[in-house]
Amino acid sequence: MKLRCAVIEDFQSAATTVADWSSVTADVDVVTFAEHLGSTAEVAAALAEFDIVVTLRERVPFPAEVFARLSRLRLLIASGMRNSVIDFAAAERHGVTVCGTASSSTPPVELTWALLLGLARSIVPEANGLRADGPWQSTVGADLHGRTLGLLGLGKIGSRVAQVGRAFGMEVVAWSQNLTEERTQEVGTALAASKEELMEAGDFVSVHLALSDRTRGLIGAAELARMRPTAYLVNTSRAAIVDQDALLAALHAGTIAGAGLDVFDVEPLPAGHPMRTAPRLLATPHLGYVSRANYATYYGQAVENIRAFLDGEPVRRIG
């Protein structure tokens, strides 16, 4: 009798086309879910009859209550090798093996620049105006060359964003709690003396920090107030690093020039959510990791994980 595998959060119905599943289809029936499973009850009900679940990133939590209700579940595969919404101890108690996959930093780097450039040159309003027979030119773009790019975080993604900024001729300055002069010199950036100094200096401020107790709410009303009225904030990291209410207030008041967001406090963003209609906001539906090459890695390695599990030798275990 075949095992049943659920692939959830497959919004583009891409999971079975970007990777070759033929190595497992003789043993496993694969079912994909294009809709979001929101509540714990929805997750438990939808996945009750599955032995294997492939989940995308960290949008669907797997707390102890879910593992307790999924009696058939034996293998959970998450894209990436870190996951903050899986209760690994509960998975172990219920006999569930948890595996991950590789994940490239290239797509979020590229999306960061798509948002930054889109903001700087008002790409969306200008394109919409052209298509709607609107005014021929209605904005004056912001320059990048010679301006300051402030980076909150200089890790794998932040350092690559810095390289692109330098290629544009920008002055790049970075800050995080543990960032050192040695690290900034390696990357070719300046080290801000403080978070406040970085917020004041940046013409564009981009967030590239992991979410933790130390970074949650790191950018609030006080920090946003330090930004120039001509400055832009970009966040492709985690929504909770920036106080969402404070950001909405700044966008409505015009105390900053605009923001580019790919992450939100609730995902998918509900209909009617204030972020959907906020002024001065260029927003995308968490596309930072969504690229053909990254999906090929996620789902290709998910298939490898399933095959290895079936052969009794699980690989890429996490937790």
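Residues numbered from 1 in each chain as written. Predicted model: local features only at pLDDT ≥ 70, side-chain atom pairs only at ≥ 80, totals over all residues. Heavy atoms only, no water.

1. Some remarks on the sheet that holds strand S2 (residues 28–32)
Link 1 in the chain: Spatially, the five strands line up as an open sheet ordered S2-S1-S3-S4-S5, and their pairing is parallel. Looking at the sheet topology across the chains shown, the edges are occupied by S2 and strand S5 (97–99). Taking each pair of neighbouring strands and ignoring which way they run, the sheet shows an average axis angle of 15°.
Link 2 in the chain: Here strand S1 (residues 3–7) pairs with S2 via five bridges, running parallel. Residue pairing in the sheet places arginine 4 in a bridge with aspartate 29 of S2.
Link 3 in the chain: On the sheet, helix H11 (residues 292–310) packs against S1, S2, strand S3 (52–55), strand S4 (75–78) and S5 and is oriented at approximately 160° with respect to S4. (Pairing = 2+ DSSP bridges. Helix = DSSP H or I, 4+ residues; strand = E, 2+ residues; numbered from the N terminus. Axes fitted to C-alpha atoms, helices over the stretch in contact; angles between N-to-C directions. Contact = heavy atoms within 4.5 Å.)

2. Here we look at the sheet that holds strand S7 (residues 171–175)
Link 1 in the chain: Strands sit in the order S8-S7-S6-S9-S10-S11-S12 across an open sheet of seven strands; the sheet is parallel. Strands with a single pairing partner mark the edges of an open sheet, and in this sheet they are strand S8 (190–191) and strand S12 (281–283).
Link 2 in the chain: The pairing of strand S10 (residues 232–235) with strand S11 (residues 258–261) spans four bridges and is parallel. For asparagine 235, the partnering residue across the bridge sits in S11 and is leucine 261.

3. A short note on the UniProt feature "domain: D-isomer specific 2-hydroxyacid dehydrogenase NAD-binding" (unreviewed entry) in the protein chain
Link 1 in the chain: Using the residue numbers shown here, the UniProt feature "domain: D-isomer specific 2-hydroxyacid dehydrogenase NAD-binding" (unreviewed entry) corresponds to residues 114–288.
Link 2 in the chain: Summarising residues 114–288: 33% helix, 15% strand, and an end-to-end C-alpha distance of 10 Å. (UniProt positions renumbered as here; feature names shortened; annotations may be inferred.)

4. Brief notes about the packing of aromatic side chains
A ring pair, where both rings are aromatic, is described by two values, the distance of the centres and the angle of the planes.
Link 1 in the chain: This structure, assessed with the given rule, holds seven aromatic pairs.
Link 2 in the chain: Judged by centre distance (5.3 Å) and plane angle (10°), the rings of phenylalanine 204 and tyrosine 232 are stacked. Linking phenylalanine 204 in strand S9 (residues 204–207) with tyrosine 232 in strand S10, this pair joins segments that are 28 residues apart in sequence. For the pair phenylalanine 204 and tyrosine 232, a shared accessibility class is recorded, and that class is buried.
Link 3 in the chain: Centroid distance tyrosine 289 to tyrosine 298: 6.3 Å. Interplanar angle 40°. Geometry classified as tilted. Each member of the pair tyrosine 289 and tyrosine 298 is classed as buried.
Link 4 in the chain: An aromatic cluster is present here, built from Tyr289, Tyr295, Tyr298 and Tyr299 joined pairwise through their rings.
Link 5 in the chain: The ring centre of phenylalanine 50 lies 4.3 Å from the NZ or CZ of arginine 4, which sits over that ring. (Phe/Tyr/Trp six-rings, centres within 6.5 Å; stacked < 30°, edge-to-face > 60°. Buried < 20%, exposed > 50% of the residue type's maximum accessible area, 1.4 Å probe, protein only. Lys NZ or Arg CZ within 6 Å of the ring centre and 35° of its normal.)

5. What to know about the environment of alanine 246
Link 1 in the chain: Residue placement: alanine 246 occurs in helix H10 (residues 244–253).
Link 2 in the chain: Excluding residues that lie within four positions of it along the chain, alanine 246 makes contacts with Gly220, Ala221 and Leu224.

6. Brief notes about the nonpolar core
Burial of nonpolar side chains together is a common tendency in soluble globular proteins.
Link 1 in the chain: Core analysis: the largest hydrophobic core is formed by 30 residues, its most contacted members being Leu152, Leu198, Leu224, Met227, Leu233, Leu247 and Met275.
Link 2 in the chain: Of all elements in the fold, only S7, helix H8 (195–201), S9, H10 and S11 reach the threshold of two or more residues within this core.
Link 3 in the chain: With five residues, H10 is the largest single contributor of residues to this core.
Link 4 in the chain: Setting aside anything within four residues of it in sequence, one finds methionine 227 in contact with Met199, Val205, Tyr232, Leu233, Thr255 and Ile256. (Core = buried A, V, L, I, M, F, W, Y, C linked by side-chain atoms within 4.5 Å.)

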